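# Structural features, examined
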Amino acid sequence: MTVEYDKAITNRLKRIEGQVRGVLGMLEEGKDCREIVTQLTAIRTAVDRSIGAVIGDNLEHCIQEELAKGNSPEQVIKEAVELLVKSR
């Protein structure tokens, strides 16, 4: 099954990529550890939100697909919950 991802998810990941490059620069400059930890925490939050967005997009697509086939979406929902649990 192939899912087309929303442009917003791509943009989120590009921002995260920029944040990571920024932290690398901070490390090279010898910035204060508190500033670095603050930025790393922001990156972690952004990654967590991206995971939620990817799972949410897939869940919606998969449920619609299962309903179109006349099937119950219960297994798809169960798999999405398992993905969320694994991502923690």
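For the structure, see preceding data.
Notes on the structure in this doc start here. These numbers come from a predicted model, not from an experiment. Residues take numbers from 1 onward in each chain, read along the sequence in its written order. This being a predicted model, a pLDDT of at least 70 is required before a residue's local features are given, and a value of 80 or more before pairs of side-chain atoms are given or counted; all residues contribute to the totals for chains, interfaces and linings. Computation of side-chain values covers all heavy atoms of the structure but excludes hydrogens and water.

### Details of the pattern of salt bridges
For salt bridges, the criterion is a side-chain nitrogen of Lys or Arg within 4 Å of an Asp or Glu carboxyl oxygen. Tallied over the entire structure, the rule returns four salt bridges. Between glutamate 17 and arginine 21 there is a salt bridge, with its nearest N and O atoms 3.4 Å apart. Remark: arginine 21 and glutamate 17 occur in helix α1 (residues 7–29); sequence separation between them is four residues, near one turn of the helix. Between lysine 69 and glutamate 66 there is a salt bridge, and its shortest N-O distance comes to 3.9 Å. Judged by its relative accessible area of 52%, lysine 69 is exposed. In DSSP terms, a helix is any run of H or I states spanning at least four residues, a strand is any run of E spanning at least two, and both are numbered starting from the N terminus. We call a residue buried when its accessible area falls under 20% of the maximum for its residue type, exposed when it is over 50%, and partly exposed in between, using a 1.4 Å probe and counting protein chains only.

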